[in-house]
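Chain and residue survey
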Amino acid sequence: MVKRTISGGTVHKLPKDLREALTVDPQALALWERLTPLARNEWICWVTFVKKDETRKEHVKRTVSELKEGMRRPCCWLGCIHRTDKAISPSVRYVLSKK
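This structure is a prediction, so every number in the text was calculated from the model and none was measured.

1. Some remarks on the pattern of salt bridges
Going through the model one piece at a time under the given rule, you end up with 4 salt bridges. Residue D17 pairs with R56 through a salt bridge whose shortest N-O separation is 2.6 Å. Within this pair, whereas D17 is found in helix 1 (residues 16–23), its partner R56 is found in helix 4 (residues 53–68), the two being separated by 39 residues in sequence. When its relative accessible area of 28% is taken as the criterion, D17 is described as partly exposed.

2. As for helix 3 (residues 37–48)
For helix 3, which comprises 12 residues, the first-to-last C-alpha distance of 16 Å matches the rise-based estimate of 16 Å (1.5 Å per residue) to within 8%. Helix 3 sits mainly inside the fold: 9 of its 12 residues count as buried. Buried within helix 3 are the following residues: A39, R40, N41, E42, W43, I44, C45, W46 and V47. On its buried face, helix 3 sits against helix 1, helix 2 (26–34) and helix 4.

3. Comments concerning the packing of helix 3 against helix 4
For the pair helix 3 and helix 4, the least separation of the axes is 8 Å and the interaxial angle reads 150 degrees. As judged from the angle between their axes, helix 3 and helix 4 are roughly antiparallel. Between helix 3, through W43, W46, V47 and T48, and helix 4, the contact on the second element is made entirely by R56, H59, V60, R62, T63, E66 and L67. Looking at the contact of helix 3 with helix 4, its residues break down into 5 nonpolar, 3 polar and 3 charged.

4. So, the side chain of E66
When you line up the elements, E66 lands in helix 4. Excluding residues within four positions of it along the chain, E66 makes contact with W43 and M71.

5. Quick notes on the packing of aromatic side chains
All chains considered together, the criterion is met by 1 aromatic pair. With a centroid separation of 5.6 Å and an interplanar angle of 80 degrees, the aromatic rings of W43 and W46 are classed as edge-to-face. Of this pair, W43 and W46 are both found in helix 3, 3 residues apart, which corresponds to roughly one turn of the helix. The pair formed by W43 and W46 is uniform in burial state, with each residue classed as buried.

Cut-offs applied
- Per chain, residues are indexed from 1 in the order of the written sequence.
- The predicted origin of the model limits local features to residues at a pLDDT of at least 70 and limits the giving and counting of side-chain atom pairs to 80 or more, whereas totals for whole chains, interfaces and linings rest on all residues.
- The side-chain numbers reported here are obtained from all heavy atoms of the structure, hydrogens and water having been left aside.
- Here a salt bridge means any side-chain nitrogen of Lys or Arg lying within 4 Å of a carboxyl oxygen belonging to Asp or Glu.
- Segments assigned H or I by DSSP are reported as helices when at least four residues long, segments assigned E as strands when at least two residues long, and all are numbered from the N terminus.
- Relative accessibility thresholds used throughout: buried, under 20% of the residue-type maximum; exposed, over 50%; partly exposed, between the two (1.4 Å probe, protein chains only).
- Multiplying 1.5 Å by the residue count of a helix minus one yields the expected span of that helix.
- Any two residues whose heavy atoms approach within 4.5 Å are treated as being in contact.
- Helix axes are fitted only over the stretch in contact, all axes being lines through C-alpha atoms; the angle between N-to-C directions runs from 0 to 180 degrees.
- Angular relationships are summarised with four words: roughly parallel below 35 degrees, roughly antiparallel beyond 145, roughly perpendicular across 65 to 115, and oblique for the angles in between.
- The classification used treats Ala, Val, Leu, Ile, Met, Phe, Trp, Tyr, Cys and Pro as nonpolar, Asp, Glu, Lys and Arg as charged, and all other residues, Gly among them, as polar.
- Ring pairs shown here join Phe, Tyr and Trp side chains whose ring centres sit within 6.5 Å, with only the six-membered ring taken for Trp; geometry is labelled stacked below 30 degrees between planes, edge-to-face above 60, and tilted in between.

Shown next as structure tokens:
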């Protein structure tokens, strides 16, 4: 079996569980590959930032379905706080300070 290269994000590498979910769904994979590296990074961070395994599985599933619904980034997501190429926006900094 030939392992296909699937694009990752700008900061985050594509995790195995998300890679497998995209690999088995050609439509979702094609949509994934049309995203910008920054948009892919947001999805990856959204999937990997959670603490519980069941939440992560749900985020992987939702990534596939929401891509197919036309979403280009996770809904209601503050954005990846791991990027070092830009400062965290004041609004995101405020929300994070309330946690």
